[in-house]
Protein chains: 2
Amino acid sequence: MKKYCFGIDVGGTTVKCGLFSTEGVVLDKWEIPTRTENDGKQILPDVAASIMGKLAEKNITPDSVTGIGIGIPGPVNENGCVPYAVNLHWGYVDIEGELKELTGIPVKAGNDANVAALGELWKGGGAGARSMIMVTLGTGVGGGIIIDEKIVPGFHGAGGEIGHVHVDDSITDPCNCGNCGCLEQVASATGIARLAREELANSTDESILRGKDHISAKTVFNAVKEGDALAIRVAERFGLYLGKALAGFSCVVDPQIIVIGGGVSKAGPILLDFIEKNYRKYTFSACRQTDFALALLGNDAGIYGAAKMVC
Amino acid sequence: MKKYCFGIDVGGTTVKCGLFSTEGVVLDKWEIPTRTENDGKQILPDVAASIMGKLAEKNITPDSVTGIGIGIPGPVNENGCVPYAVNLHWGYVDIEGELKELTGIPVKAGNDANVAALGELWKGGGAGARSMIMVTLGTGVGGGIIIDEKIVPGFHGAGGEIGHVHVDDSITDPCNCGNCGCLEQVASATGIARLAREELANSTDESILRGKDHISAKTVFNAVKEGDALAIRVAERFGLYLGKALAGFSCVVDPQIIVIGGGVSKAGPILLDFIEKNYRKYTFSACRQTDFALALLGNDAGIYGAAKMVC
């Protein structure tokens, strides 16, 4: 009887690996370096060797493994191939074909942000739901859409690229994507810092934030917790942008739950307050009670989601 | 061998019915009245009698029918039940259970707008694609989201309710849904007429539209085709609202094709020009080449989509 699966999360510097029971219990967790030299040709053989070594160590036969799920920092097409992955120095790689060839075990690949969303649905902030919008607020704004417990990868691999929804005509400096006025420019960690600098420049109000060398999303939300009026204005603007955007997304896919993760989400439940009140104001009446939750799995979301793809 | 299926589209005054081969060829098409009196209790028995009569007429045995697909003007939950359907005078109806009980044939129910979208994907403007955003521009703005050839109904039945995405803070009169500034208020037939009235009031420019008793989306787009500058400004505003909204939706679900239907789409390909240029300007780079098409099936989209659900 098959009862194990592997969840692999390939990052630019390390590959996170997990051995799971098919019920979703982590039996072992480890990391190996990501060797990007020589066009990253060694990455999949390293992953395969690590998996085969783990099977030998645990006395598990390959035929009791349902599969290997693997998340990649790049687009993954419907044939399980990666057209390119800049951080891995990869051009076109048939990742499912190659890794299956190396291990003899079925492989399912997905984009890392989407895979992490699936992990949060399975065992994290979205556990128990079947559909979800995941928002990852880090240096940028990423995301993943899950419908009927499956990732929506998108025809061009852009499913869940919610950081690049246009939300503000008045922003004239470009986003990393080349457009201007993206959600990422106002709702990521760097976006929140940007809003704070604007508020500081546009008023002379006293604030904990004034005069600080470095303003981050963390310093902003710490100031919010101390009741700093200017920081609260920043949080209100952030919540208006993100809440209104999510209100629109619910009119498209109407998920059961919206999960907020990424470094910014460490601010805790207060972050949700600013988002939710705007969401509930702007969304369609039928979606007004949609649940919100913080992500729970942190950096492990990727290995959970990868495992879920094959069990 | 099963080789037939039925597609049923229940409207407030008539029920459209189609007998299909499972390849999607319409073998027969007819209508019966929708008897809404007495809480609409007669609607499903009428549909069942009509189906059984058609089988007898055509000498088809029930066991060669894969199923009955049925579209309803109301939300349909994941158990195939309708909590309410105002136009049918229905309260809670277990439509799949009841109609199966009456016919002995498996039944699959869906919301009519979503079902019509599936029809356009199968045999209409989206034929050949596996994922689609359908936009229906009529008195209101409706829609349907198809992922992997399946309808996204939404957790609260609000999947594809894109007419109620908030797009304009400056609108202070309420939409039918109760919110203000919905896409429906500026991109439906009535929304386009509204934009035209605004343009006429805000300028003294000569225009074919000036002095007309009745301004409709049709008169606006006819004037656009004659080069009327004011009508073109109206079409530009419509295209900006809808193109920008669709640009954002593609960052969420990244469909293969976007299909525009409903009465307004009778304006023809010129309608797409105004939408597409704004879509391509505002969307994420990976989605810039998404295909656009006009809907092809008109009022038959519903019976096609209903049949597709069961074949």
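Look up a bit, the structure's there.
Residues numbered from 1 in each chain as written. Chains lettered and ligands numbered in written order. Predicted model: local features only at pLDDT ≥ 70, side-chain atom pairs only at ≥ 80, totals over all residues. Heavy atoms only, no water.

A.B. asks: Even after reading the chapter, I still don't get the packing of aromatic side chains, so can you show me in this structure?
C.D. replies: How two aromatic rings sit relative to each other is given by the distance of their centres and the angle of their planes. Counted according to the given criterion, the structure contains twelve aromatic pairs over all chains. Between Phe-6 of chain B and Trp-30 of chain B, the ring centres sit 6.5 Å apart and the planes meet at 90 degrees, which makes this aromatic pair edge-to-face. Taken as a pair, Phe-6 of chain B in strand S1 (residues 4-10) and Trp-30 of chain B in strand S3 (residues 26-33) lie far apart in primary sequence, 24 residues in all. Pair check on accessibility: Phe-6 of chain B and Trp-30 of chain B agree, each one buried. Ring geometry for Tyr-279 of chain B versus Phe-292 of chain B: centroids 5.0 Å apart, planes at 70 degrees, classification edge-to-face. Of this pair, Tyr-279 of chain B sits in helix H8 (residues 269-282) while Phe-292 of chain B sits in strand S10 (residues 291-294); the two residues are 13 residues apart in sequence, bridging distant segments of the chain. Among the aromatic residues, ring-to-ring pairing joins Phe-20, Trp-122 and Tyr-304 of chain A into one connected group. (Phe/Tyr/Trp six-rings, centres within 6.5 Å; stacked < 30°, edge-to-face > 60°. Helix = DSSP H or I, 4+ residues; strand = E, 2+ residues; numbered from the N terminus. Buried < 20%, exposed > 50% of the residue type's maximum accessible area, 1.4 Å probe, protein only.)

A.B. asks: I would appreciate a short explanation of the relation of the copies chain A and chain B in the present structure.
C.D. replies: Both copies of the chain are placed relative to one another by a rotation about an axis and a shift along it. For these two chains of identical sequence, chain A goes onto chain B by a turn of 180 degrees and a shift of 0.0 Å along the axis, with RMSD 0.0 Å. Both chain copies can therefore be described as sitting about a two-fold axis. Residue Phe-249 of chain A of chain A places its C-alpha closer to the rotation axis than any other residue of that unit, at 3.5 Å. When you check the interface residues of chain A against chain B, 100% turn up at the interface there too, and the contact is symmetric in its surfaces. (Least-squares fit on C-alpha atoms with pLDDT ≥ 70 in both. Contact = heavy atoms within 4.5 Å.)

A.B. asks: What should I look at first to understand the packing of helix H6 (residues 217-225) of chain A against helix H7 (residues 229-253) of chain A in this one?
C.D. replies: Helices that pack against each other are described as a pair by the angle of their axes relative to one another and the distance between those axes. Residues and elements named next belong to chain A. At a minimum axis separation of 8 Å, H6 and H7 run at an interaxial angle of 115 degrees. Considering the relative orientation of H6 and H7, their crossing is left-handed. Taking contact as the criterion, the partners of Val-220, Phe-221, Ala-223 and Val-224 in H6 are, on H7, Ala-231, Ile-232, Val-234, Ala-235 and Phe-238. Across the contact of H6 with H7, the residue classes break down as nine nonpolar, no polar and no charged. (Axes fitted to C-alpha atoms, helices over the stretch in contact; angles between N-to-C directions. Left-handed = near helix turned anticlockwise from the far one by under 90°. Nonpolar A, V, L, I, M, F, W, Y, C, P; charged D, E, K, R; others polar.)

A.B. asks: Whenever I open this one, unusual backbone geometry confuses me. Can you help?
C.D. replies: Both trends apply: most residues other than glycine have a negative phi, and most peptide bonds are in trans. For Asn-59 of chain A, which is not glycine, the phi torsion reads 60 degrees and is therefore positive. Positive phi values are uncommon outside glycine, yet Glu-149 of chain A reaches one of about 65 degrees.

A.B. asks: What is the right way to look at the pairing of S10 of chain B in this model?
C.D. replies: If a strand is regular, its side chains alternate between the two faces of the sheet. Residues and elements named next belong to chain B. As judged from the four bridges shared by strand S9 (residues 257-261) and S10, these two strands associate in the parallel manner. Bridge pairing in S10 links Val-259 to Ala-293. Where the polypeptide runs from S9 across H8 and back to S10, its parallel neighbour, the crossover connection is right-handed. (Pairing = 2+ DSSP bridges. Right-handed = clockwise from strand over helix to strand, strands pointing away.)

A.B. asks: Quick question: what am I supposed to make of the sheet that holds S10 of chain B here?
C.D. replies: Across a sheet, strands are paired by hydrogen bonds formed along the backbone, either parallel or antiparallel in direction. Residue and element names in this part refer to chain B. Here we have five strands laid out as an open sheet, ordered S8-S7-S6-S9-S10, and mixed in their pairing. This sheet does not close on itself; its edge strands, each paired only once, are strand S8 (150-151) and S10. Its contacts with the sheet put helix H7 (residues 229-253) on strand S6 (132-137), strand S7 (141-147), S9 and S10, and the angle it makes with S6 is roughly 155 degrees.

A.B. asks: Honestly, the pattern of salt bridges in this entry has me stumped. Any pointers?
C.D. replies: Scanning all chains against the criterion turns up 34 salt bridges over all chains. Here Asp-300 of chain B and Lys-29 of chain B are joined by a salt bridge, their closest N and O atoms 2.6 Å apart. One end of the pair, Asp-300 of chain B, is in the loop between S10 and helix H9 (301-308); the other, Lys-29 of chain B, is in strand S3, with 271 residues separating them in the sequence. When its relative accessible area of 48% is taken as the criterion, Lys-29 of chain B is described as partly exposed. Between Asp-39 of chain B and Lys-41 of chain B there is a salt bridge, with the nearest N and O atoms lying 3.9 Å from each other. Overall, Asp-39 of chain B belongs to the partly exposed group, its relative accessible area being 48%. Looking at Lys-41 of chain B, the relative accessible area reads 56%, which means it is exposed. Here the residues in one salt-bridge network are Asp-173, Arg-194, Glu-198, Glu-199, Asp-205, Arg-233 and Arg-237 of chain A, joined through shared partners. (Salt bridge = Lys/Arg side-chain N within 4 Å of Asp/Glu carboxyl O.)

A.B. asks: So what exactly am I meant to see when it comes to the interface of chain A and chain B here?
C.D. replies: Interfaces are often sized by the amount of accessible area the parts lose when they come together. Across the contact, 38 residues belong to chain A and 38 residues belong to chain B. Across the chain A to chain B interface the summed buried area is about 3000 Å²; carbon plus sulfur atoms make up 62%. Of all residues in chain A, His-156, Val-252 and Phe-284 of chain A bury the most surface against chain B, accounting for 21% of the area lost on that side. The salt bridge partner of Lys-244 of chain B is Asp-169 of chain A, with a shortest N-O separation of 2.9 Å. Breaking the side of chain A that touches chain B down by element, the ones donating at least two residues are strand S7 (141-147), H7 and helix H8 (269-282) of chain A. (Buried area = accessible area lost by both parts, 1.4 Å probe.)

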